[in-house]
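Residue-level structure breakdown
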Amino acid sequence: MSYYPVPTVRRRRLGSTLRKLRTDAGMTLDAAAAALNAATNGSADARHWTAPKLSRIENANATIRATEVETLLRAYAVTDPTTRIALEGLAKDAGKRGWWQTYRGVVAPAYADYISLESDAESVRDYAPLIVPGLLQTPDYARETIAANAMARTAAEVDALAEVRLARQAVLTRPARPLRLWAVIHEAALRRRFTGRPGIMTAQLRRLLDVAEWPTVTLQVMPIDAAPNPGDSGAFTLVAFPGPMPDVVTQENLRGPSYVEGVDDVNVFADAFGHIVNCALSTDATKALIADLV
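Residues numbered from 1 in each chain as written. Predicted model: local features only at pLDDT ≥ 70, side-chain atom pairs only at ≥ 80, totals over all residues. Heavy atoms only, no water.

Within an unreviewed UniProt entry, the label attached to the protein chain reads DUF5753 domain-containing protein, and the organism entered is Streptomyces luomodiensis.

The following block contains the structure:
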């Protein structure tokens, strides 16, 4: 089966941010459309604005050009240059396909959406109760865990998905704005064994010790004997962005990732991550435990 990724999450983030800026300005859709038509009257780049058109943009059902974003921000009295640059960049990239397009035969649309989020992100907070986060996996660990959860895939497709997972890790070392990662991994995930191939887990644990020293990575382990905490409800990832764009939460299962995008719902997960961090080992105790496991 072939998948053709469409970066709809980028468009939803842009639309929801523009909606928030409009409501913060105290403007209805009709009032905003009237202000926009007045601002662009006679312009070569003029567009007849209507409330339904604005609604479609805010609900990610229509595209918007970067120049039109600038017009919207002026109408909403938004003068912060960081906000303008971030939203104009998002408008330019809303329909862009990234390096993962090369793998469109195996990368499902929802996964492509997640990769686009990760590539745009400023930071990621990840709670991983069963498996080491993909951004920290070794090649052998990645391939074995993908094969175990993609039983209908061919060996070539598993190899391709492993390549994608490893290529994603470039966000941690990119020259400009390396991604900040805060990962809490349950001790049970670190005690997993690969039958007949013990070297896989040893190498993976050593990889964790290495990245735990990076200034942009915070690593903690949730101990086996930890008190009950919100992490008992399962894995999740909080993805945060620069500027005014709202955070997004992803949860993954056998069918791929799903998304939580409402501010109130995302805050539930942010609060949960704070409790998880408090229940986990300190970073120094984490490194000591991993060293003992090695």
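For the rest of this paragraph, the subject is the overall build of the protein chain. The helix and strand inventory of the protein chain stands at 12 helices and six strands. Taken over the C-alpha atoms alone, the protein chain extends approximately 70 × 40 × 35 Å along its principal axes. Taken over 294 residues, the protein chain has a buried fraction of 45%. Intrachain contacts of the protein chain at a sequence separation of at least 6 include 73% that bridge at least 24 residues. Of the roughly 14300 Å² of accessible surface on the protein chain, 53% is carried by carbon and sulfur atoms. Averaging the locations of the 33 positively and 32 negatively charged side chains of the protein chain gives two centres separated by 6 Å. (Helix = DSSP H or I, 4+ residues; strand = E, 2+ residues; numbered from the N terminus. Buried < 20%, exposed > 50% of the residue type's maximum accessible area, 1.4 Å probe, protein only. Contact = heavy atoms within 4.5 Å. Areas by Shrake-Rupley, 256 points an atom, 1.4 Å probe, with all protein chains shown as cover. Lys, Arg positive; Asp, Glu negative; His and termini not counted. Charge placed at Lys NZ, Arg CZ, Asp CG, Glu CD.)

Here we take up the environment of leucine 254. Relative to the elements of secondary structure, leucine 254 occurs in the loop between strand S5 (248-253) and strand S6 (256-260). In the structure, leucine 254 is positioned 143 residues away from tyrosine 111 in sequence and 12 Å away in space, judged by C-alpha atoms.

Given two aromatic rings, one states the distance between the centres and the angle between the planes to describe the pair. By the definition in use, this model includes five aromatic pairs. Plain terms: the ring middles of tyrosine 127 and phenylalanine 236 are 6.4 Å apart, the flat faces sit at 45° to each other, and that makes the pair tilted. Of this pair, tyrosine 127 sits in strand S1 (residues 123-128) while phenylalanine 236 sits in strand S4 (residues 236-240); the two residues are 109 residues apart in sequence, bridging distant segments of the chain. Across this residue pair, the class does not change: tyrosine 127 and phenylalanine 236 are buried. (Phe/Tyr/Trp six-rings, centres within 6.5 Å; stacked < 30°, edge-to-face > 60°.)

Moving on: the sheet that holds S4. Strand order across the open sheet formed by six strands is S3-S2-S1-S4-S5-S6, with mixed pairing between neighbours. Each edge of the open sheet carries a strand with a single partner, namely strand S3 (217-222) and S6. Sheet twist, expressed as the average angle between the axes of neighbouring strands with direction ignored, equals 15°. Pairing of S1 with S4, which is carried by five bridges, proceeds in the antiparallel orientation. Considered in S4, the bridge of serine 123 is made with alanine 240. (Pairing = 2+ DSSP bridges. Axes fitted to C-alpha atoms, helices over the stretch in contact; angles between N-to-C directions.)

Here we come to the packing of helix H2 (residues 29-40) against helix H3 (residues 51-58). Here H2 crosses H3 at 105°, and the two axes come no closer than 8 Å. On the basis of their axis angle, the class for H2 and H3 is roughly perpendicular. Along the contact surface, H2 presents Leu29, Asp30, Ala32, Ala33 and Leu36, while H3 presents Ala51, Leu54, Ser55 and Glu58. (Parallel < 35°, antiparallel > 145°, perpendicular 65-115°, else oblique.)

Our next topic: the pairing of S1. Counting buried positions over the six residues of S1 gives five, a clear majority of the element. Across six bridges, the pairing between S1 and strand S2 (residues 180-186) is parallel. Counterpart to serine 123 in the pairing with S2 is arginine 180.

Now for the pattern of salt bridges. Counted under the stated rule, the structure contains 13 salt bridges. In this structure, arginine 74 and glutamate 70 form a salt bridge, with 3.8 Å as the shortest nitrogen-oxygen distance. With arginine 74 and glutamate 70 both in helix H4 (residues 66-75), this residue pair falls four residues apart, about one helical turn. The residue aspartate 284 makes a salt bridge to lysine 287 at a minimum N-O spacing of 4.0 Å. Of this pair, aspartate 284 and lysine 287 both sit in helix H12 (residues 283-293), three residues apart, which is roughly one turn of the helix. One salt-bridge network, held together by shared partners, links Arg19, Arg22 and Glu58. (Salt bridge = Lys/Arg side-chain N within 4 Å of Asp/Glu carboxyl O.)

Moving on: the nonpolar core. Judged by nonpolar contacts, the single largest core of 55 residues is most densely connected at Leu136, Leu190 and Leu208. Examining the composition of this core, we find that five residues originate from one element, helix H10 (residues 198-211), more than from any other. (Core = buried A, V, L, I, M, F, W, Y, C linked by side-chain atoms within 4.5 Å.)

Glancing now at H3. Every buried residue of H3 is accounted for by Ala51, Leu54, Ile57 and Glu58. Looking straight down H3, one finds that the buried residues subtend no more than 120° of arc, so they occupy a single side. One or two residues past the end of H3 sits alanine 60, with phi positive at roughly 65°. (Arc of directions from axis to C-beta.)

With that out of the way, let us pick up the packing of H10 against H12. Packing of H10 against H12 brings their axes to within 9 Å, and their N-to-C directions diverge by 155°. Judged by the inter-axis angle, H10 sits roughly antiparallel to H12. The handedness of the crossing between H10 and H12 is left-handed. Along the contact surface, H10 presents Leu205, Leu208 and Leu209, while H12 presents Lys287, Ile290, Ala291 and Leu293. Across the contact of H10 with H12, the residue classes tally to six nonpolar, no polar and one charged. (Left-handed = near helix turned anticlockwise from the far one by under 90°. Nonpolar A, V, L, I, M, F, W, Y, C, P; charged D, E, K, R; others polar.)

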